[in-house]
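So you can see what is in the structure, the chains are spelled out below.
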Amino acid sequence: MVAATSEDFLSSESAPQSVWEHLIGLVVNEDDHVTIQQLNQLCHLAKTHTSIVSAKQLNSLYYILNLGLLSPAKEVRASALRAMRLCMKSVNHVAAFNEVHSHLLVAKCLDCFDHNDAERLQALKLVRRMLTHFPEHVPLSVITSVAAIGRDYALRQEIISRKGATDKEQESSKLGVTCICVLAEAAVVNPAIVAQCSGVSVILSYIIYCNQPRLSEALLASVLYLLNMPETRVYLPSDTYIEFLLAPLSDPNMSKERDGNELNACKYSVVSLFRSWAGLMRLCRPDCSGLQTLLATLSLNQDNTRLTVLDILYELFNICKPEVPESDDEEIIWEDMTFEPNPKYSVQEGFIVAECSDTIRREDRARIDVVVNHQVVLLSAFISAGVLETLIDVLISSAHNAKVYVLSTFLLSEMLCSATRLLFYNYNRVAHCLPTLMHLASSFTASGDCKRHQAARCVAALWKIEHWRRNNFPLSSPYLKLAQRHGGKTSMSEILMSTSLASTPTVGSGMV
């Protein structure tokens, strides 16, 4: 009878205030119990009206919703959380929400794990609504619960990656990733409250295991935002080290146990760090240089770690990575070496313009190119840190691995070419000498015969790459290939006209 009366009353064209008073009467008559149907009616009112109660009745509204959060049924608690989210439309609502201590019950709903994914999802939606519209009034207890779930998930990721995830762990992983993303959002809009619950360390500890490039870059962007702004930099704890992200590469014991996915996750995070100004300045600090640590990992006699660091350098300097054929003959390797198409040259990205800017030297220096400036700073920082000498050491010690040898040689050649084109004289005079390589190639000591032979191979390989670059530079765009073939004509109409005239038979050629 009560359900029928409620449905008839809701379907009538009554004012929201009268409907609200009717719902209060139903709750009082039922001994302070709230049903799902009543909560759904409240949600319907919140969707269709901007204000369903007066400012004096806000405390009563959240008292009634607290009754739903105290219900033993998880469906009722989920409906109460949904009603809270839809009713929260102003700062006064958030003040009433905190005054009646509803945030403690929301934190309880987040902490409780009893196959109640719908309830916890509604709680996270409520937290996101407060972060989006009222970030300065978000209670600390709710963010602490979100950080606790994210920290627990980040600590269990390493164990899951070793033994494999069960179905139950996969279900909880979805909630864990969502909590970390909510924590990253809170770090941008309200960094003070995230600093109180050590949320930055939770985000950094998960980035190591995140093998999704876009997600890893988004999470890292929230930390870099705190580093970039002077007013938010004070919220970072003193023991927060961005160099922690290099641990899968720099720790020999850890890097031996890492699989391909975790090394890729580390690669994505390091590339994102160097591509931002805040991360680049942080990693190039003289007191705790992450750049020196990254280059030192190339000295480790581990092929997986070396290949990962080489991939990082190829990504940072935007160098087209060659595909190395599986062969022991060096001549066959250099002859059959092919190149992966650069993603920038696709139709959806820069297409012809991106390839022209990389292959044709830009003569107009009136405008400042921010991308080139970043490449110049990045290249000068790496050369000052000794990347050329480090690559020579890798070339000398990687005779047993053809892939590492070829990738290192081609990277060294491309960096020398970029240094000639972009850097100033004080860098070029050191870059082109390569004193260590020439000294090893001309050393005639009995103990250095093997190194001398390997250094001579490197010098010959560098000459082959330079000769190949001058004569057979690969182009991805058919338009640029036609322009190169037809004497540099850049107009498509001229190219098509020339090709059509070349294929048209002249008069007297035997045509009937």
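Bear in mind the structure is a predicted one, so any value in this text is a computation, not a measurement.

Take the side chain of N190 next. Inspection of the secondary structure puts N190 in the loop between α10 (167–189) and α11 (191–196). Since its relative accessible area comes to 13%, N190 is described here as buried. Side-chain polar atoms of N190 contact the backbone oxygen of P135, separated by 2.7 Å.

Tallied over the full model, the rule gives four aromatic pairs. Where Y62 meets F97, the ring centres are 6.1 Å apart and the plane angle is 80°; that geometry is what we call edge-to-face. Of this pair, Y62 sits in helix α4 (residues 58–69) while F97 is found in helix α6 (residues 91–99), placing the two residues 35 residues apart along the sequence. Across this residue pair, the class does not change: Y62 and F97 are buried.

Attention now moves to the nonpolar core. Formed by 130 residues in total, the largest nonpolar core has its most connected members in Y62, F274 and F382. Ranked by residue count, the leading element in this core is helix α25 (residues 402–422), at ten residues. Leave out the neighbours within four places in its chain, and F382 touches F274, L291, L294, L295, L313, L316, F317 and V387.

Here S198, not a glycine, exhibits a phi torsion of approximately 55°, which is positive. Unusually for a residue other than glycine, N318 sits at a positive phi of about 55°. Structurally, N318 can be placed in the loop between α20 (303–316) and β1 (322–323).

Attention now goes to the environment of V194. With respect to the helices and strands, V194 occurs in helix α11. By relative accessible area, which is 1% here, V194 ends up buried. Once you skip the residues sitting within four places of it in the chain, V194 turns out to touch L183, A186, A187, G199 and V200.

Quick look at the packing of helix α12 (residues 199–207) against helix α13 (residues 213–228) now. Each packed pair of helices is defined by two parameters, the angle between the axes and the distance between the axes. Contact geometry of α12 with α13 gives a least axis separation of 10 Å together with a crossing angle of 145°. For the crossing formed where α12 meets α13, the hand is left-handed. Of the residues in α13, those touching α12 at V200, I203, L204, Y206 and I207 are L215, S216, L219, L220, S222, V223 and L226. Its residues placed into classes, the contact of α12 with α13 shows ten nonpolar, two polar and no charged.

Turning next to the confidence of the model for the protein chain. Here the protein chain shows a mean pLDDT of 76. Residues at 70 or above account for 69%. When mean pLDDT is compared element by element in the protein chain, helix α8 (residues 117–133) scores highest at 92, while helix α1 (residues 2–11) scores lowest at 42. A low-confidence stretch, residues 1–14 stays under pLDDT 50, and its non-local contacts, those more than four residues away or across chains, total 18 contacts. This model gives residues 495–512 a pLDDT under 50, and the stretch forms eight contacts once residues within four places in sequence are excluded.

Let's shift gears to the environment of F274. Within the secondary structure layout, F274 lies in helix α17 (residues 260–274). The class of F274 is buried, set by a relative accessible area of 1%. Along the primary structure F274 and H374 are separated by 100 residues, whereas in three dimensions their C-alpha atoms are 9.6 Å apart. When residues no more than four places from it in sequence are discounted, the contact partners of F274 are L280, L283, L291, L294, L316, H374, L378 and F382.

Compared with the 20 Å implied by 1.5 Å per residue over 14 residues, the 20 Å span of α20 between its first and last C-alpha is a close match. Here α20 lies mainly inside the structure; eleven of its 14 residues are buried. Listed in full, the buried residues belonging to α20 are T305, R306, L307, T308, V309, L310, D311, I312, L313, Y314 and L316. One or two positions beyond α20, positive phi appears at N318, with a value near 55°.

Conventions used here
Residues numbered from 1 in each chain as written. Predicted model: local features only at pLDDT ≥ 70, side-chain atom pairs only at ≥ 80, totals over all residues. Heavy atoms only, no water. Helix = DSSP H or I, 4+ residues; strand = E, 2+ residues; numbered from the N terminus. Buried < 20%, exposed > 50% of the residue type's maximum accessible area, 1.4 Å probe, protein only. Polar contact = N/O pair within 3.5 Å; in protein donor to acceptor, adjacent residues only side chain to side chain. Phe/Tyr/Trp six-rings, centres within 6.5 Å; stacked < 30°, edge-to-face > 60°. Core = buried A, V, L, I, M, F, W, Y, C linked by side-chain atoms within 4.5 Å. Contact = heavy atoms within 4.5 Å. Axes fitted to C-alpha atoms, helices over the stretch in contact; angles between N-to-C directions. Left-handed = near helix turned anticlockwise from the far one by under 90°. Nonpolar A, V, L, I, M, F, W, Y, C, P; charged D, E, K, R; others polar. pLDDT = per-residue confidence, 0-100. Expected span 1.5 Å × (residues − 1).

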